[in-house]
Amino acid sequence: MAAVAQALENSNVSSIKSLADSQALNSVPSAYAFNINPNDEADPNDPEFAIPIVDMSLLTSGSPDERAKIIRDLVKICEEWGFFIAINHGVPESLMKAMIDACHGFFSLPDEEKKEFKSGNDVLEMFKYGTSYNLALDKVLLWRDFFKVRTHPEFYSLYKPASFSEVSLEFSQRSREVALEITRAISESLGLEPDYIYNKMNMNRGLQMLAGNYYPPCPEPEHAIGIPHHTDHGLVTLLIQNEMNGLQVEHNGKWLTVNGPKNGFFVNLADQMQILTNGKYKSVMHRATVNNKATRISIAIPHGPSVDTIIAPAAELCEREGQAPNPHLITSELRLLVSQALETSNVTSIKSLAESPALSSVPSAYAFNINPNEEADPNDPEFAIPIVDMSLLTSGSPDERAKIIRDLVKICQEWGFFIAVNHGVPESLMKEMIDACHGFFSLPDEEKKEFNCHSFFLEMAAIVVQALETSNVTISIKSVAESQALNSVLSAHAFSINPNDEADPNDPEFAVPIVDMSLLTSGSPDQRAKMAILSKFVKNGDSS
C-alpha cells in the first residue's frame, strides 16, 4: 500500500488505468486533488438547460422549408449555446461502437506497448499517447489517459490493436462528412454562401484529429477531474462516448452534464469559429468529470483550417452587419501559447498574465474552489472582529492596560487575530509603503526578476529534498554523503545489485592474474617472452 501511495503521490505513473486498477487505491492522491463545486451544476430538468438537438437528416435530405428552419434554429443555438447534439447524421451506430471498442482495445494494451506511441507536445505530431496532460509540468494531474492521432490532410493511425487502423479510417472519413455538413449549415446561418467556411478556412487541407480519452472509475470523483474547463482551438469538434456520461458544458453560468442518445454526436463550436464569426457565435466552455462506477471512454474529432490559414473575422460578415473586427478576439494559436504558459505555470508574474487579453478563465493550475456556504455573515455579532486600542497599552491608565491584557487572553484563545488601532504609525507612512509596493509590482517583469533569488537556507533544503531527488545534482556526491540529512539512498541513485551475480573469490577460476612489471622492463628475454600470456587477459576486456 505504501509503495503504491508513494508512486501516486510522486506522479511516477505510466497510466491512470494501471493506478485505478490497483487494489490499494481507495482515495484520490493529492497530486490529482481537484474540487468540483456541486452548487455550480445545472438542474437537467430545468427547461432553461434543455440541450439543443439538430436533426441532420433535415439538412441533407429534408424539404427546403425543413432545411431553412434548421438553419434559423442554428443561429440561436450557436449564439446562446455553442453546443448541440446531432442526430440522424448518417454514421452507422455499429461503426461508432466499433470505434469505441477499438479505443478500449488500445487502452487495454500493456503499458509497455502503449509507450511505443509516446511523443512530445507538438499538436501536429502524427500520434501521441500519454496520461494527464503533461506529467512533468501539470500542477493538478488529470484522471485520464489519452491518445491523439492526426487523420487529415494525411491519415495516420495507431498500429495496435490490429483492427484499429481500418475502423479509424472509416470512422474518420464518415465523421468528417458530418463536420463539413455542419460547417455548410453554419455558413448559411451567417448569411454566407454554404461553402464559405470550407473555402475560407482551406478545409480541403484542414487539420483533423482523432483523440481518445480513457477515464477509469475514481474512488472520489468529486475530488478529481478528467479534463478541466477549456475551449477547443479549432472550428468545430464532434464527440462520441460509451454508455457513461461525463461531458459537462457551461451554459448561463452553470455546468450541465450532457446526456444524449448513444448514437448522437456531441458538437461544440471552438475558438476559431468564434473568431471567424467576429464573436457572434460562441466557443463553448466544457470539461470532463469522472465517476466511481465504470470506465468512461470518449472520442473527440476536432476539425480546423489548414495550418497555414490566417484566422480573422470574416470581412463579408463584418461589412454586412456593420461591425468592425473585434480586437479582443485572440487567434487560436496565440490562445494556445498563452494557455500552455498558464497551464504549465511557466509564468513570470500573475500581473502580466492577468493583463493578457487572452485570459478569459482561471487556468486549471490555479483552480481553487471557495464554497460560499462557508462564509460568515459579517453582521452577525458572533463574527465581530476584535479591536485592540494600542494607545491603552502604551499610555493608558493601569486599569485600562490591565483590561486590554485580560481581553487579549480571550482574543488569542478564540481568534488568534485582531485589529490594532491607535498604534502610532502615521497613516501617511502606511500609504507611502503601499504606494512603494505598488511601484515595485508595476516594474517590468525583467527588472523584478533581479530580485528572484533564494535564501541560503532554502537552497540547502532544495539540495536535500529537491535537487537530489530529481537528479538535478550540481554538487559532488561527497557533499551529499556528508549531509546530516542523508539517512537512506536517494531514489535518483537507486540501483540494485544481485548478490547471485558475484563470484566466489576462493574459486581458482577467478584468481586475478598478477603481472610482475620488472620482468618486462629488466627481466631476461625468456622472462619477457613469457609475458606474452598477457594477450589472453587483454582479450577478455579492460577493468575499472
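A short tour of the structure in this document, coming up. (Residues numbered from 1 in each chain as written. Predicted model: local features only at pLDDT ≥ 70, side-chain atom pairs only at ≥ 80, totals over all residues. Heavy atoms only, no water.)

### A word on the overall build of the protein chain
When its secondary structure is counted, the protein chain shows 21 helices and 14 strands. Taken across its 544 residues, the protein chain has 37% of its residues classed as buried. Across the protein chain, contacts joining residues at least 24 apart in sequence account for 74% of those joining residues at least 6 apart. (Helix = DSSP H or I, 4+ residues; strand = E, 2+ residues; numbered from the N terminus. Buried < 20%, exposed > 50% of the residue type's maximum accessible area, 1.4 Å probe, protein only. Contact = heavy atoms within 4.5 Å.)

### Here's the deal with the packing of aromatic side chains
In this structure the tally under the stated criterion is 12 aromatic pairs. Between Phe-106 and Phe-107, the aromatic rings sit 5.5 Å apart at their centres with planes inclined by 70°, giving edge-to-face as the arrangement. Given the relative accessible area of 0%, Phe-106 is considered buried. Centroid distance Phe-107 to Tyr-214: 5.2 Å. Interplanar angle 40°. Geometry classified as tilted. Of the two residues, Phe-107 is situated in helix α5 (residues 93-107) and Tyr-214 in strand β5 (residues 208-215); the sequence distance between them amounts to 107 residues. On the basis of relative accessibility, which here comes to 0%, the residue Phe-107 falls in the buried class. Look at Tyr-214 and you get buried, because its relative accessible area is 4%. (Phe/Tyr/Trp six-rings, centres within 6.5 Å; stacked < 30°, edge-to-face > 60°.)

### Details of the sheet that holds strand β6 (residues 227-230)
An order of β6-β11-β8-β9 is seen for the 4 strands of this open sheet, with the pairing classed as antiparallel. Of all the strands in the sheet, just β6 and β9 (254-257) have a single pairing partner and so form its edges. Across the sheet, the mean angle separating the axes of adjacent strands is 20° when strand polarity is ignored. The pairing of β6 with strand β11 (residues 286-288) spans 2 bridges and is antiparallel. Residue Ile-227 lies in a different strand from β11, and its bridge partner there is Ala-288. (Pairing = 2+ DSSP bridges. Axes fitted to C-alpha atoms, helices over the stretch in contact; angles between N-to-C directions.)

### Things to note about α5
Here α5 contains 15 residues, and its C-alpha end-to-end distance of 21 Å stays within 8% of the 21 Å for a straight helix at 1.5 Å per residue. Taken residue by residue, α5 has Leu-95, Met-96, Met-99, Ile-100, Ala-102, Cys-103, Phe-106 and Phe-107 as its buried positions. Taken end-on, α5 shows its buried residues confined to a sector of 155°, consistent with a single buried face. (Expected span 1.5 Å × (residues − 1). Arc of directions from axis to C-beta.)

### With respect to the packing of helix α4 (residues 64-80) against helix α7 (residues 164-189)
The geometry of α4 relative to α7 is characterised by a closest axis approach of 9 Å and an angle of 80° between their N-to-C directions. In terms of orientation, α4 lies roughly perpendicular with respect to α7. Each of Arg-67, Ile-71, Leu-74, Val-75 and Cys-78 in α4 lies in contact with α7, whose residues at this interface are Glu-181, Ala-185, Ile-186, Glu-188 and Ser-189. (Parallel < 35°, antiparallel > 145°, perpendicular 65-115°, else oblique.)

### Notes on the pairing of strand β12 (residues 296-303)
With 7 of its 8 residues buried, β12 lies for the most part within the structure. As paired elements, strand β7 (residues 236-241) and β12 share 6 bridges and run antiparallel to each other. Looking at the pairing, Leu-239 lines up with Ala-300 of β12.

### Observations regarding a nonpolar patch on the surface
A cluster of nonpolar side chains, contributed by Phe-383, Ile-385, Ile-387, Trp-415, Phe-417 and Ile-419, occupies part of the molecular surface with about 560 Å² of accessible area. Mapping Phe-383 onto the fold places it in the loop between α12 (350-354) and β13 (387-389). Residue Phe-383 is classed as partly exposed on the basis of its relative accessible area, which comes to 35%. (Patch = residues over 30% accessible without salt bridge, like charges linked within 9 Å, V, L, I, M, F, W, Y side chains within 5 Å. Areas by Shrake-Rupley, 256 points an atom, 1.4 Å probe, with all protein chains shown as cover. Salt bridge = Lys/Arg side-chain N within 4 Å of Asp/Glu carboxyl O.)

### Considerations on unusual backbone geometry
Of note, the bond from His-152 into Pro-153 is cis; its omega dihedral lies within 30 degrees of zero at 10°. Cis geometry marks the peptide bond from Lys-160 to Pro-161; its omega dihedral reads -10°. With respect to the helices and strands, Pro-161 occurs in the loop between β4 (145-152) and α7. In the Ramachandran plot, Asn-88 falls in the positive-phi region, its phi being about 50° despite a non-glycine side chain.

### Details of the nonpolar core
Core analysis: the largest hydrophobic core is formed by 59 residues, its most contacted members being Met-99, Phe-171, Ile-182, Ile-186, Ile-197, Leu-238 and Phe-265. Sequence-distant contacts of Phe-171, that is, excluding residues within four places in its chain, are made with Leu-95, Met-96, Met-99, Leu-210, Ile-240, Phe-265, Ile-299 and Ile-301. (Core = buried A, V, L, I, M, F, W, Y, C linked by side-chain atoms within 4.5 Å.)

### Thoughts on the environment of Ile-240
In this structure, Ile-240 sits in strand β7. Residues Ile-240 and Phe-265, 25 residues apart in the sequence, show an inter-C-alpha distance of 5.6 Å. Among residues more than four places away in sequence, those in contact with Ile-240 are Met-96, Ile-100, Phe-171, Gly-264, Phe-265, Ile-297, Ser-298 and Ile-299.

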